[in-house]
Amino acid sequence: MSTALEQRQEPLPQVVITGDLRFSVTESEAAHGPITGHYSIETRQMQEPLQVYWGAEGQVRDRRARTTEIAFEMPGFRAGQVWIYSVQAQVTDRRTSIVTGVFVQILVTADTLPQVSASA
């Protein structure tokens, strides 16, 4: 009779979201409209074919792709402000379905003026 400790454990399926999880933009960049981040999934112990579905507090470009862009609106932004958005992915294979998520942090920084040298 074997115990649970003696039984060999199979690695569990995993899904990880990678990409622009923490970045900064200037006030000028934020003023030009939505800020776009790039995101991908990495899977372990999942079998093809995979079905992917993205969700986010932003506009997802391709909800069913393994890699996608997400545009985040930042109305009323100001320098020093940090915006936090959620991004989720559901990945399904023949045996299982996994939902995972991350938080994206976007810092708005002040525009810097170019330094002008004084001529003599």
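Note that the coordinates shown come from a computational prediction; the quantities given were computed from them, not determined experimentally.

Visitor: Is there a simple way to explain the sheet that holds strand β8 (residues 97-109) in this structure?
Guide: The strand order across the open sheet built from 4 strands is β2-β8-β7-β4, with neighbouring strands paired in mixed fashion. Where the open sheet ends on each side, the last strands, each with one partner, are β2 (22-26) and β4 (51-56). Between one strand and the next, the sheet's axes are offset by a mean angle of 25 degrees, whatever the strand orientation.

Visitor: Which parts of the structure should I look at to understand the sheet that holds strand β3 (residues 35-44)?
Guide: Whenever strands of a sheet pair, they do so through backbone hydrogen bonds, lying parallel or antiparallel. The strand order β1-β3-β6-β5 describes an open sheet built from 4 strands, whose pairing is antiparallel. With partners counted over all chains shown, the strands left at the sheet margins are β1 (14-19) and β5 (59-60), one partner each.

Visitor: Please clarify how the packing of aromatic side chains should be interpreted in this entry.
Guide: Aromatic rings in a pair are described by how distant their centres are and how their planes are angled relative to each other. In total, this model carries 3 aromatic pairs according to the counting rule given. Here the aromatic rings of Tyr39 and Phe72 are separated by 6.3 Å at their centres, their planes lie at 85 degrees, and the arrangement is edge-to-face. Here Tyr39, found in strand β3, pairs with Phe72, found in strand β6 (residues 67-72); they are 33 residues apart in sequence, far enough to count as distant. Given the relative accessible area of 0%, Tyr39 is considered buried. What links up through ring pairs into an aromatic cluster is the set Tyr39, Phe72, Trp83 and Tyr85.

Visitor: I keep staring at the environment of Ala30 and nothing clicks. Help me out?
Guide: With respect to the helices and strands, the residue Ala30 is situated in helix α1 (residues 27-31). Sequence separation between Ala30 and Pro75 is 45 residues, and the spatial gap between their C-alpha atoms is 8.6 Å. For Ala30, the contacting residues outside a window of four places in its chain are Val25, Ile35 and Phe77.

Visitor: How should I be thinking about the pairing of β3 in this particular structure?
Guide: Each regular strand displays side chains that alternate between the two surfaces of the sheet. Looking at chain direction, β1 and β3 are connected through 6 bridges and run antiparallel. Residue Gln14 lies in a different strand from β3, and its bridge partner there is Arg44. Bridge analysis of β3 against β6 gives 6 bridges, and the strand direction is antiparallel. When the sheet's bridge partners are listed, Ser40 is paired in β6 with Thr67.

Reading the values: rules and limits
Residues numbered from 1 in each chain as written. Predicted model: local features only at pLDDT ≥ 70, side-chain atom pairs only at ≥ 80, totals over all residues. Heavy atoms only, no water. Pairing = 2+ DSSP bridges. Helix = DSSP H or I, 4+ residues; strand = E, 2+ residues; numbered from the N terminus. Axes fitted to C-alpha atoms, helices over the stretch in contact; angles between N-to-C directions. Phe/Tyr/Trp six-rings, centres within 6.5 Å; stacked < 30°, edge-to-face > 60°. Buried < 20%, exposed > 50% of the residue type's maximum accessible area, 1.4 Å probe, protein only. Contact = heavy atoms within 4.5 Å.

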